[in-house]
Structures are given as C-alpha cells and as structure tokens.
Amino acid sequence: MSERPERLAVLKTYKLFVGGKFPRSESGRVYEVTDSKGRLLANAPLASRKDARDAVGAARKAFGGWSGATAYNRGQVLYRVAEMLEGRREQFTAEVAAGSGISRSKAAAEVDAAVDRWVWYAGWSDKIAQVAGGANPVAGPFFNLSTPEPTGVVAVLAPQDSALLGLVSVVAPAIVTGNTVVVAANEKAPLPALSLAEVLATSDVPGGVVNVLSGRTAELGAPLAAHQDVNAIDLAGADAELAKELQIAAADNLKRVVRPRTERWTADPGTDRMLAFLETKTVWHPTGSLGASGSAY
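Below is a short write-up of the structure. Each residue is numbered by its place in its chain's sequence as written, counting from 1. In view of the model being predicted, local features appear only for residues whose pLDDT reaches at least 70, and side-chain atom pairs are presented and counted only at 80 or more, with totals across whole chains, interfaces and linings using the full set of residues. Think of the side-chain values as coming from all heavy atoms in the structure, minus any hydrogens and water.

1. Some words on unusual backbone geometry
Not every positive phi belongs to a glycine, and L254 is a case in point at roughly 55 degrees. Put simply, DSSP marks the helices as runs of H or I at least four residues long and the strands as runs of E at least two long, and each gets a number from the N terminus on. For L254, the location among the structural elements is in the loop between α9 (240–250) and β9 (256–258). L254 gets classed as exposed once you look at its relative accessible area, which sits at 74%. Relative accessibility under 20% of the residue-type maximum defines a buried residue, over 50% an exposed one, and the middle range a partly exposed one, all with a 1.4 Å probe and only protein chains included.

What follows is the structure, given as structure tokens:
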C-alpha cells in the first residue's frame, strides 16, 4: 500500500475589509507579518491613502442606516458578533499567540475576554442614553429633553499592545452608539483584525459599518486625521510623536480626538469611549394646557 503523498500547505490570503467586501490594496502592495522569532506568518495587505479614502466613503454611506437602527437592534448585532467569534475561538487563539508572542493559554484568555467585551457593549446599547441624556428642569411650561446622538464616521488607530482585545475595546464602543468606523489595524500583528473582519462579514453587521485596513499606522493615520468627512479619531495606537501630528491635522475640521493613554485592556472599560463619540441634542417642547382651568401636564 503506497504512502499518502504529502499535501502542499494551503496558505491563507488576508485582505482588507471595506464596505462589506474584501478587496486587495489598490496599490497591490503587501508586507510580511512575522512571529516573535521572525518566522513568516503571512503577507498582509499594505493599505494606501486611496484605500483609506475608500474606507471613509464606505463608512459615510453606511452611517445613515446604522445610526437610524434602534439601540436594541444594534445590541443584537453586537451579540451576534460575540457568538461568531466564540465559534472561531481556536483560530483566533492561534493567531493571537503567534502574532503577539504569548503562550496559547494567555492567547485563549485574551480571545475569551474579547468575546465577553462584545457581549458587555451589546448590553449597553439601549442603556447608554440613560447615562448621556435625560429630562432637564427648566423655568416655564416646557419639556426640555437631552438625547445622545452618534458623532459620525470615527477613525480608529488600533492599539499596538493588544492585537484583539484592545482592538475590540476601541471598535465596539464606537459602533454600539451608532457611529461607523475605519480601523487601522495593529501594524505588527494585523492578522486578528483581518480575521475579525471575516467574523463581522458573517454576522449581521451591515457593510461599511466597520472597515479594516492593515499597513503602516503613520501612513494610514495621516489621511484619516486630515479627511474632512471623518468626524472623530481615536489615537489609541499612535505613539506620542505621531499623536501630536495627527491632533494638529484633526483640528482642521474640528474632529473629536481621543488621545492615547496608558490602558489596561483587561480592566472594566467603563463608559468613557462610548461617551467620547456621542453628541447631545437638546429639544424644547411646550407642555400645553388641558381644559379651561389652565392645568398643564
């Protein structure tokens, strides 16, 4: 009986995620992603400024539908992402372990924490308005109500020290409140982000709500910070020098900016990042009168 011939390895082709589709970079460029010992893991797309502009256009197109969805529906969608990520736990554990140079047990713990974080933010979807809004006491026969609304298109520079949990911790709070995002993935370990795009595509997240680019953080950050159709930027993955440059560029159209700071991604995230990308709309409405007695409600 002849021995079974050795199979050729089927290597995965990683692509960008823009508008719900998986294009290669328009430039055709790729760069090598290696493990902690310098061994090749894969070729990742090296996104260009044109890719960044395309991603912003996709995010803007998706904003109306996503921001107009009910908070309850957005919570359901985020929970579905958690379900799908849980089903691919082994794949993500392997990618996080290889890309971050940590043990499989620590990588598995990070994947579990990322799943739990999607669930955590899903639970906030229909509750954050109770924190950020309310009825305001005013003089006169008026209702005065403040309600939170999403800022718009948010650019996110993914953290460099946590390829998956850190990524989820900056993307989930932006989209749960109705924003759409363009993500520049972790530069050295982009594979978990590119695989997360596959999870998003097979969940119920509408195309364009999350767009994922891999490449050089500085190269992608510059056009995103300067883009006139980007309303806010999270600089979690920028070093001090790059952050300063991008803040100056972001000031040109008065973007909201979340500056980089020391983060412990395993800690309770709180509501800071959700509130950072919300605007407050205040509405006045006369209470009116009931009956001849002039009683009001």
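There's plenty left to go through after this.
2. With respect to the side chain of K255
Along the chain, the position of K255 falls in the loop between α9 and β9. Here K255 occupies a buried position and makes no salt bridge, while the nearest side chain of opposite charge, D252, is found at 7.1 Å. The definition of a polar contact used here is a pair of N or O atoms within 3.5 Å, where within protein one atom must be able to donate a hydrogen and the other to accept one, and adjacent residues in sequence count solely through side-chain atom pairs. At 2.8 Å, the side chain of K255 forms a polar contact with the side chain of N253. When neighbours within four sequence positions are excluded, K255 is seen to be in contact with L224, A225, A226, H227, V230, N231, A232 and A250. Lys and Arg are tallied as positive, Asp and Glu as negative. Neither His nor the chain termini are counted. By convention in these notes, a salt bridge is any Lys or Arg side-chain nitrogen within 4 Å of a carboxyl oxygen on Asp or Glu. Only heavy atoms enter the contact rule, under which two residues are in contact if any of them lie within 4.5 Å.

3. Remarks on the pattern of salt bridges
Summed over all chains, the structure comprises 17 salt bridges. A salt bridge links E83 to R80; its shortest N-O distance comes to 2.9 Å. One end of the pair, E83, and the other, R80, are both in helix α2 (residues 71–87), three residues apart, so they sit about a helical turn from each other. In this structure R80 comes out as partly exposed when scored by relative accessible area, which is 31%. Here R273 and D234 are joined by a salt bridge, their closest N and O atoms 2.7 Å apart. Taken together, the positions of R273 in helix α10 (residues 272–276) and D234 in strand β8 (residues 232–234) put the pair 39 residues apart, joining distant regions of the chain. In this structure, R273 and D234 share a single accessibility class: buried. Members of the salt-bridge network, linked through shared partners, are R89, E90, R104 and D112.

4. Thoughts on the packing of aromatic side chains
We call Phe, Tyr and Trp rings a pair once their centres come within 6.5 Å, taking the six-membered ring for Trp, and we label the pair stacked below 30 degrees between planes, edge-to-face above 60, and tilted otherwise. Following the criterion strictly, the structure yields three aromatic pairs and no others. On the basis of an interplanar angle of 90 degrees and a centroid distance of 5.0 Å, the ring pair of W120 and Y121 is categorised as edge-to-face. Residue classification places Y121 among the buried positions, given a relative accessible area of 1%. An aromatic cluster is present here, built from W120, Y121 and W124 joined pairwise through their rings.

5. Some remarks on the sheet that holds β9
Strand pairing is defined by DSSP finding a minimum of two bridges between the two strands. Strand order in the open sheet made by the five strands is β7-β6-β5-β8-β9, with parallel pairing throughout. Both outer strands of the open sheet, β7 (210–213) and β9, are each paired with one neighbouring strand and no more. The mean angle between the axes of side-by-side strands here comes to 15 degrees, regardless of whether they run parallel or antiparallel. Two strands pair when backbone bridges link them, and strand β5 (residues 153–157) and β8 are joined in this way by three bridges, in the parallel orientation. Among the inter-strand pairings, V156 is bridged to a residue of β8, identified as D234. Working convention: axes come from line fits to C-alpha atoms, limited for helices to the stretch in contact. Angles between N-to-C directions cover 0 to 180 degrees. Those strands touched by helix α1 (residues 49–68) are β5, β6 (180–184) and β7, and its axis lies near 155 degrees from that of β6. Docked against the sheet, helix α8 (residues 217–226) engages β5, β6, β7 and β8, running at close to 160 degrees with respect to β5.

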